[in-house]
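The lines below spell out each chain.
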Amino acid sequence: MRRRKEIRGSTNEVAQLHDSFFGGLSKEDRADPSGTAKKYALAVYGEGSMPLVDYKEKDRSRFHIGLNVDPLEFTDITKRAILVSDTLMLSQDHAGEYVKLGEYSRTEQSMDGGPSFSIPSFHRVEYGMHCADIEGLGRWILDSEQLMKRGLLWFFPPFTRSMAETKLWWSQETSFRRPVDYLIKDRRAIDASGAKPVKSKVIWPILEMEIPYIDGVSLRDFSEITTSEFDSYSLFKGYLRQKLLEMDDAIEHPQSASKLAALEEEIRSGVAEVNAKMDAASHTRWWTSSGAVFCTVTVSLTAVQDPKLLPLVAATGLSSQGIGNLYEKFRETRKKQLRGEKWYYMWTLMKDGHPL
C-alpha cells in the first residue's frame, strides 16, 4: 500500500513507477528477461489498482497510444516516435500466449437460501496477460530502462482475468482495460502502418513532415543518448502539446485552412530547432564514438473525429476505398451530429512514403 501512495503522489507517475520497478530489480532478475517481463506486468497491475490508469484519468494529453504496432517493431517504433509523443504507450493484442501472473480467493454472500439465510460463495480469481514473446518483451523493457525512468515510455500488458465459483462450478474469462480505451480522454495515437492519410468527412490530414531520430545503436544506447538530450526533447514536447490542443479550435474555425496552416508552420519551426540541436550533437566526439547515426522519418498528423475510427483507420491503411466503407459504417452506427466535438490526433510513421 505504501508504494501505491508514493506513485499517486508523484508529479510524474510513469517515471515514479518505473524508477521504483527498476530500482527493485536484482542482478539475477536482470539476467532473466522473461521473469522481468512478468514482474513488470505485476508492477503495472498494482494489485488490481493499476495506478497508471488512475493517474491517466486525471491527466489529459499525457499519453500517446501505439496502434497497429507489431511486437517485433517495438524497438523501431520507440526510436521513431519518442519525439512526437508525450509518453508513448505500447501494447499487444490478446492473440499471444497466455502468461499467468497470479491468483487470489474471495468469499461473497448470496441470498439463494432466502432473505433470512445467506450462502457463502467462494471464488478463485486468476489473472495474467497475453504476450507473443515474453522473453523479447523482457529484453525490450530492460533496454528501455532510461526512457521509462524518465517517464517517456511504458508498456501496457493486455491483461486477462478469469473467475471460478465453487458453488456453481463455472468460470468466466474477461479482458479488461483495453489499450484503445485510453483514446477516449487522451486523443493521441501513433500508427505504424505507414499508409498515407486520405481526406474524408471524418478524417482530416493536417501535415506531413520529417522528424529527427537516432539510429545505428542498440535500444539501450539509444535510451542513454536520448535521455541525455531530455531537456531539448521535453521543451519541444510541451510546445507540441499546446499546438495540438489549439487544433480543435482551428479545425472548427470558419477559416480552418489558414488557421491550420499557421499551426503547421509553427510545428515545423519547433521541429527545425530540435533538428539543429541534434545535428550539432552529431558532430561531437562522444556521438561519433557511440556509432549513433542522425536519421529522419516521415510522419503525418491526421485528425479523426471519433476514437472508434482510429484502430479502424490503421487497419484499412487509409485507402480511398477503405475510407469510403469506413465512413458509411460510421454513419450507420452513429447518427448524431459531430460538429463541436473534440478531435482525435494520430501520428502515422512512414519511411520514404512506404510502411516501416
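Attention here is on the structure that accompanies the text. Given the structure is predicted, the values throughout are model-derived calculations rather than measurements.

### Re the pairing of strand 11 (residues 344-350)
Counting buried residues in strand 11 gives seven out of seven residues, a clear majority hidden from the surface. Because side chains alternate across strand 11, one face comprises the buried residues Tyr344, Met346, Thr348 and Met350, and the other comprises Tyr345, Trp347 and Leu349, equally buried. With seven bridges connecting them, strand 10 (residues 293-304) and strand 11 associate as antiparallel partners. The residue bridging valine 304 from the neighbouring strand is tyrosine 344, located in strand 11.

### Here we look at the environment of tyrosine 40
Along the chain, the position of tyrosine 40 falls in helix 4 (residues 33-45). C-alpha separation for the pair tyrosine 40 and phenylalanine 21, spaced 19 residues apart in sequence, amounts to 7.2 Å. Setting aside its immediate chain neighbours within four residues, tyrosine 40 contacts His18, Phe21, Ile141, Met148, Trp154 and Phe155.

### Some words on helix 7 (residues 134-143)
Of all 10 residues in helix 7, seven are buried, a share of seventy percent or more. The set of residues buried in helix 7 consists of Ile134, Gly136, Leu137, Gly138, Trp140, Ile141 and Leu142.

### Regarding helix 10 (residues 219-228)
Among the residues of helix 10, those classed as buried are Leu219, Phe222, Ser223, Ile225, Thr226 and Thr227. Residues of helix 10 that are buried in the fold lie against helix 6 (74-81), helix 7, helix 8 (145-149), strand 9 (203-215), helix 11 (230-252) and helix 13 (285-290).

### Some details on the packing of aromatic side chains
The description of an aromatic ring pair uses the distance of the two centres, along with the angle that the planes make with each other. For the coordinates displayed, the defined rule picks out 11 aromatic pairs. Both rings, one in phenylalanine 21 and one in tyrosine 40, keep their centres 5.3 Å apart while their planes meet at 90 degrees; by these two values the pair is edge-to-face. Here the residue phenylalanine 21 occupies a position in helix 2 (residues 13-23), and tyrosine 40 occupies one in helix 4, the gap between them amounting to 19 residues. Summarising the burial analysis for this pair, phenylalanine 21 and tyrosine 40 share the class buried. Consider the rings of tryptophan 204 and tryptophan 343, whose centres lie 6.3 Å apart with planes at 80 degrees: the pair is edge-to-face. Here tryptophan 204 is found in strand 9, whereas its partner tryptophan 343 is found in the loop between helix 15 (320-333) and strand 11, with 139 residues between them in sequence. Judged by relative accessible area, which is 4%, tryptophan 343 ranks as buried. Site record: aromatic cluster; members linked through ring pairs are Tyr45, Tyr127, Trp154, Phe156 and Phe159.

Reading guide: rules and limits
- Residues numbered from 1 in each chain as written.
- Predicted model: local features only at pLDDT ≥ 70, side-chain atom pairs only at ≥ 80, totals over all residues.
- Heavy atoms only, no water.
- Buried < 20%, exposed > 50% of the residue type's maximum accessible area, 1.4 Å probe, protein only.
- Helix = DSSP H or I, 4+ residues; strand = E, 2+ residues; numbered from the N terminus.
- Pairing = 2+ DSSP bridges.
- Contact = heavy atoms within 4.5 Å.
- Phe/Tyr/Trp six-rings, centres within 6.5 Å; stacked < 30°, edge-to-face > 60°.

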